[in-house]
Amino acid sequence: MTAQLLDGKALAATIKADLTERVRALAAQGVTPGLGTVLVGDDPGSKAYVAGKHRDCAQVGIASLAVELPASVSEAELDDEIARLNADPACTGYIVQLPLPGGLDENRALGLIDPDKDADGLHPVNLGKLVLGDPAPLPCTPRGIVELLRRNGIALSGAEVCVIGRGTTVGRPLGLLLTRKSENATVTLCHTGTVDVAAHTRTADIIVAAAGRPGLITGDMVKPGAVCVDVGITRTDAGLAGDLDASVREVASWVAPVPGGVGPMTRAMLLTNVVERAEALASVRGPRSSLPGI
Ligand SMILES: Nc1nc(=O)c2c([nH]1)NC[C@@H]1CN(c3ccc(C(=O)N[C@@H](CCC(=O)O)C(=O)O)cc3)C=[N+]21
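Looking at an unreviewed UniProt entry, one finds the protein named Bifunctional protein FolD, with Microlunatus aurantiacus as its source organism. Under the Pathway (unreviewed entry) heading, UniProt states for the protein: "One-carbon metabolism; tetrahydrofolate interconversion."

Here's what the structure looks like:
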């Protein structure tokens with residue numbers, strides 16, 4: 001068997017076309033969504049991701065507000081920039097690009113973001129709402145994974161899902177999303193303390209690998225016909241390497257590849273969150289009066 005590909009790039013293009021329409025409708029109400037990004041330091045990977053996010057914004061008509069700070073920035077200066085974006089009406093949603101350089105407390109920075117402008121869904125209030133089942137912006141990568149599976153007709157209800165990785169941006173919130181009543185999956189969350197990862201992956205209907213360890217999942221660890229989603233991205237001399245070994249494709253029914261799978265979906269969900277934040281703002285303001293001067 002050779003697995004079919006879960007084409008995140010194509011699905012992201014469809015989602016972006018839909019968002020372009022929604023941005024147009026917002027413009028008619030006098031609202032322009034604006035994505036802010038806070039990039040600290042000069043990690044080439046982070047720079048490339050942020051640049052990609054602004055390219056995406058330009059494509060769908062979202063304004064961009066890029067803040068770049070040196071790695072030497074003090075906590076107080078970072079706090080000031082976050083406060084500025086919270087107060088800036090042109091910024092309807094923003095992210096603080098992770099990881100932050102050493103010495104800066106990521107959780108502290110995330111906690112200072114206005115929860116209503118949290119385009120990443122990583123503010124503690126919004127993660128708390130995810131636990132409580134209340135509506136809130138959702139973390140982009142987990143949301144993108146669920147959307148990629150759903151729109152390809154892969155059943156989640158009753159599925160045994162093995163998630164590898166317990167990080168704040170992917171594994172942990174993905175477990176919360178998949179176990180909501182609306183998704184109804186059963187989740188096993190594996191991590192570096194798991195004694196026998198293969199014992200868990202071998203019984204799974206869906207494997208989501210978010211460990212950041214190239215080739216971690218090999219074909220012999222996969223149940224024939226399982227769906228495998230690659231979230232690991234490691235830069236090597238030979239290019240990007242995912243967590244799925246090539247042998248997985250001979251066993252799985254579907255594979256979300258690196259590149260072209262979850263990455264483009266993460267970006268599409270960021271745009272979706274920004275548009276949703278702006279739509280929420282527009283509905284609070286109400287429709288603009290059609291009477292001149294009122
Ligand atoms: N506050 C914050 N929010 C994030 O969402 C966030 C972050 N920090 N820090 C880093 C991770 C990583 N991430 C990716 C997004 C897109 C691709 C992506 O588009 N990947 C392409 C390949 C791009 C390439 O060539 O490098 C693909 O898989 O096809 C990858 C990774 C978002 N992250």
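On to the sheet that holds strand E2 (residues 34-40), then. Spatially, three strands are ordered E3-E2-E4 in an open sheet, and the strand pairing comes out parallel. Strands at the two margins of the open sheet, each flanked by one partner only, are strand E3 (63-69) and strand E4 (93-96). Going from strand to strand, the sheet's axes swing by 15 degrees on average, the running direction of each strand aside. In the sheet, E2 pairs with E3 via seven bridges, with the strands oriented parallel.

Regular strands have side chains that alternate between both faces of the sheet. The alternating pattern of strand E7 (residues 206-209) places Ile206 and Val208 on one face and Ile207 and Ala209 on the opposite face, and all of these are buried. Across four bridges, the pairing between strand E5 (residues 160-164) and E7 is parallel. Residue pairing in the sheet places cysteine 162 in a bridge with isoleucine 207 of E7. The sheet contact formed by E7 and strand E8 (residues 227-230) spans four bridges and is parallel. Bridge pairing in E8 links isoleucine 207 to cysteine 228.

For the rest of this paragraph, the subject is the site of the ligand. Around the ligand, 15 residues are found, and the nearest of them are Val96, Gln97, Leu98, Asp120 and Gly260. In the model, a nitrogen atom of the ligand is placed 2.6 Å from a nitrogen or oxygen of the aspartate 120 side chain. One nitrogen or oxygen atom from the main chain of glycine 260 is found 2.6 Å from an oxygen atom belonging to the ligand. Its free accessible area being 680 Å², the ligand has 78% of it covered by the protein chains. Here the shell around the ligand is built from residues that sort into seven nonpolar, four polar and four charged.

Conventions adopted
- Residues numbered from 1 in each chain as written.
- Predicted model: local features only at pLDDT ≥ 70, side-chain atom pairs only at ≥ 80, totals over all residues.
- Heavy atoms only, no water.
- UniProt positions renumbered as here; feature names shortened; annotations may be inferred.
- Pairing = 2+ DSSP bridges.
- Helix = DSSP H or I, 4+ residues; strand = E, 2+ residues; numbered from the N terminus.
- Axes fitted to C-alpha atoms, helices over the stretch in contact; angles between N-to-C directions.
- Buried < 20%, exposed > 50% of the residue type's maximum accessible area, 1.4 Å probe, protein only.
- Near = heavy atom within 4 Å.
- Polar contact = N/O pair within 3.5 Å; in protein donor to acceptor, adjacent residues only side chain to side chain.
- Areas by Shrake-Rupley, 256 points an atom, 1.4 Å probe, with all protein chains shown as cover.
- Nonpolar A, V, L, I, M, F, W, Y, C, P; charged D, E, K, R; others polar.

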